[in-house]
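Structural characterization, general
Each chain, letter by letter, is given below.
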Amino acid sequence: FQRYRARLLMQGSAAQIFDGTAYYGAALGKFVVEGPISGKFVQGFLNVVKEQPLKERQKQVRNFLVFIDEVKGLKNLSDQDNRTLQSLYDALKA
């Protein structure tokens, strides 16, 4: 179910989550992501999520990380991606 949801998101506007090319390649049967996670997107996401109650904030961040894992794979993240996600984590801790 998570993978199906990730496909739907990617076909929508979720490609804005990445700086560069990001789409679901139906012929390939996998996601194609060529570029880092967008710092601009993460900042906007952070601005929205910070206004949520703690449980909702945790749910939103968890869903975001599941999406990133399904699309790019957490093990495949670049150093830049890791720094971007770390900045999200640090900002939410504060």
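As the structure is a computational prediction, the values presented were derived from the model and not from experiment.

Focus on the packing of aromatic side chains
Enumeration over the complete set of coordinates arrives at three aromatic pairs. For the ring pair F41 and F45, a centre distance of 6.1 Å and an interplane angle of 15° mean the geometry is stacked. With a gap of four residues between them, F41 and F45 both fall in helix α2 (residues 39-49), about one helical turn apart. The rings of F41, F45 and F64 are connected pair by pair, giving a single aromatic cluster.

Let's talk about the packing of α2 against helix α3 (residues 54-71)
Axis separation between α2 and α3 bottoms out at 10 Å; the angle between their running directions is 155°. As the angle between them shows, α2 and α3 are arranged roughly antiparallel. Both α2 and α3 take part in a crossing whose hand is right-handed. Residues F41, V42, F45 and V49 of α2 form the contact with α3, whose own contacting residues are R57, Q60, V61 and F64. A per-class count over the contact of α2 with α3 returns six nonpolar, one polar and one charged.

Concerning the confidence of the model for the protein chain
Residues with a pLDDT of 70 or more make up 83% of the protein chain, whose mean pLDDT is 85. Model confidence for the protein chain, summarised as mean pLDDT per element, is weakest for helix α1 (residues 2-11) at 59 and strongest for helix α4 (residues 79-93) at 92.

Observations concerning the pairing of strand β2 (residues 30-34)
In the sheet, strand β1 (residues 21-25) pairs with β2 via five bridges, with the strands oriented antiparallel. For G25, the partnering residue across the bridge sits in β2 and is K30. The antiparallel pairing of β1 with β2 creates a hairpin that spans four residues between the two strands, and G29 there sits at a positive phi of about 70°.

Observations concerning the pattern of salt bridges
The full count for this structure, using the stated rule, is one salt bridge. Across the salt bridge formed by K72 and D81, the nearest N and O atoms sit 2.6 Å from each other. By the burial criterion, K72 is buried, and D81 matches it.

Analysis parameters
Residues numbered from 1 in each chain as written. Predicted model: local features only at pLDDT ≥ 70, side-chain atom pairs only at ≥ 80, totals over all residues. Heavy atoms only, no water. Phe/Tyr/Trp six-rings, centres within 6.5 Å; stacked < 30°, edge-to-face > 60°. Helix = DSSP H or I, 4+ residues; strand = E, 2+ residues; numbered from the N terminus. Axes fitted to C-alpha atoms, helices over the stretch in contact; angles between N-to-C directions. Parallel < 35°, antiparallel > 145°, perpendicular 65-115°, else oblique. Left-handed = near helix turned anticlockwise from the far one by under 90°. Contact = heavy atoms within 4.5 Å. Nonpolar A, V, L, I, M, F, W, Y, C, P; charged D, E, K, R; others polar. pLDDT = per-residue confidence, 0-100. Pairing = 2+ DSSP bridges. Salt bridge = Lys/Arg side-chain N within 4 Å of Asp/Glu carboxyl O. Buried < 20%, exposed > 50% of the residue type's maximum accessible area, 1.4 Å probe, protein only.

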